[in-house]
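Chain by chain, the residues:
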Amino acid sequence: MKTLKLDVLDAGSEDFLRYGALATAEGKKADAVCPGFSFWNRLGLPEMAGAPSVCIVESYATPNAKSTIFERHGDTAETLIPVDGEVILVLALDAPGGKDTIDPASVRAFRLRQGEAAILAPGTWHYAPLTGAARARTFVVFDRDTPEKDMLVIDTAKDFGLAWVLAI
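Report on the accompanying structure. As the structure is a computational prediction, the values presented were derived from the model and not from experiment. (Residues numbered from 1 in each chain as written. Predicted model: local features only at pLDDT ≥ 70, side-chain atom pairs only at ≥ 80, totals over all residues. Heavy atoms only, no water.)

### Quick notes on the sheet that holds strand 13 (residues 136–143)
Spatial strand order, 3-12-9-13-6: five strands in an open sheet with antiparallel pairing. Looking at strand neighbours, the two that pair on one side only are strand 3 (20–23) and strand 6 (52–59), the edges of this open sheet. If you compare each strand with its neighbour and ignore which way they point, the axes differ by 20 degrees on average. Relative to strand 13, strand 9 (residues 78–82) is paired through four bridges, and the arrangement is antiparallel. (Pairing = 2+ DSSP bridges. Helix = DSSP H or I, 4+ residues; strand = E, 2+ residues; numbered from the N terminus. Axes fitted to C-alpha atoms, helices over the stretch in contact; angles between N-to-C directions.)

Written as structure tokens, this is what we have:
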């Protein structure tokens, strides 16, 4: 199996826009400023046909932070919000001309910081966030039927003989 190294980019980078949108209040004017709080509205608008589900995924430090499993939701967006600090998202796009597999050349890793939310566009390949910490929890928001009705999973080690590790 061939292992490729991935540099970790910031989720605020222009390259991230190929995979979705970053929701952050950083550098944006608050819609309301009141005694005791400020409020930012519509920082991100994920695409969802049905009622949302708020979930949590708990990631654990893994040796070499290797990625070979990817999942895709073709019809629904997925929003990831780190709770315990930063996490790393390994993302990919569809192969040219097809939706059933990734384009290995499109695989990128992005650092998502606490206080930010990544809104993955429908069709963005991903998996559970990676972490170097003993434990990192991340809220997941998507259509409540996504896991049962809108999920395709592939293993790039089997399908391509490829794995990706973080260059950290």
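After that view of the structure, there is still more to cover.
### Quick look at a nonpolar patch on the surface
A contiguous nonpolar patch, built from V54, I56 and F139 and spanning about 290 Å² of accessible area, is present on the exposed surface. By the secondary structure assignment, F139 is in strand 13. (Patch = residues over 30% accessible without salt bridge, like charges linked within 9 Å, V, L, I, M, F, W, Y side chains within 5 Å. Areas by Shrake-Rupley, 256 points an atom, 1.4 Å probe, with all protein chains shown as cover. Salt bridge = Lys/Arg side-chain N within 4 Å of Asp/Glu carboxyl O.)

### Notes on the sheet that holds strand 7 (residues 66–67)
What the three strands build is an open sheet, ordered 1-15-7; its pairing is mixed. The sheet is open, and its two edges are formed by strand 1 (2–6) and strand 7, each paired on a single side. Note that strand 1 and strand 15 (residues 162–166) share five bridges and pair parallel. Residue pairing across strands places L6 opposite L166, the latter belonging to strand 15.

### As for unusual backbone geometry
A positive phi angle, near 50 degrees, is found at R42, a position not held by glycine. Inspection of the secondary structure puts R42 in the loop between strand 5 (37–39) and strand 6. Since its relative accessible area comes to 64%, R42 is described here as exposed. (Buried < 20%, exposed > 50% of the residue type's maximum accessible area, 1.4 Å probe, protein only.)

### Focus: the side chain of S106
You can see S106 is positioned in the loop between strand 10 (87–91) and strand 11 (108–112). For S106, the contacting residues outside a window of four places in its chain are R18, Y19, L91, A92 and L93. (Contact = heavy atoms within 4.5 Å.)

### Some thoughts on the environment of D143
Counting through the fold element by element, D143 comes out in strand 13. With relative accessibility at 7%, the residue D143 sits in the buried group. Taking C-alpha positions, D143 is 7.9 Å from A77, a pair spaced 66 residues apart along the chain.

### Description of the pattern of salt bridges
A side chain of one charge can pair with a side chain of the opposite charge if their charged atoms are brought near each other. Evaluation of the coordinates by the stated rule reveals eight salt bridges. With a shortest N-O distance of 2.9 Å, R137 and D84 are connected by a salt bridge. Residue R137 is located in strand 13, and its partner D84 is located in the loop between strand 9 and strand 10; the two are separated by 53 residues in the primary sequence. Look at D84 and you get partly exposed, because its relative accessible area is 33%. The partner of E86 in a salt bridge is R111, and the shortest N-O contact between them spans 2.9 Å.

### Focus: the packing of aromatic side chains
Throughout the structure, instances matching the rule amount to three aromatic pairs. Ring geometry for F16 and F110: centres 5.0 Å apart, planes at 80 degrees, overall edge-to-face. A residue pair is termed long-range when its members are at least 10 positions apart, and F16 in the loop between strand 2 (8–10) and strand 3 and F110 in strand 11 qualify at 94 residues. Across the pair, F110 and F16 agree in class, each one buried. Aromatic rings pair up to connect F16, Y19 and F110 into one cluster. (Phe/Tyr/Trp six-rings, centres within 6.5 Å; stacked < 30°, edge-to-face > 60°.)

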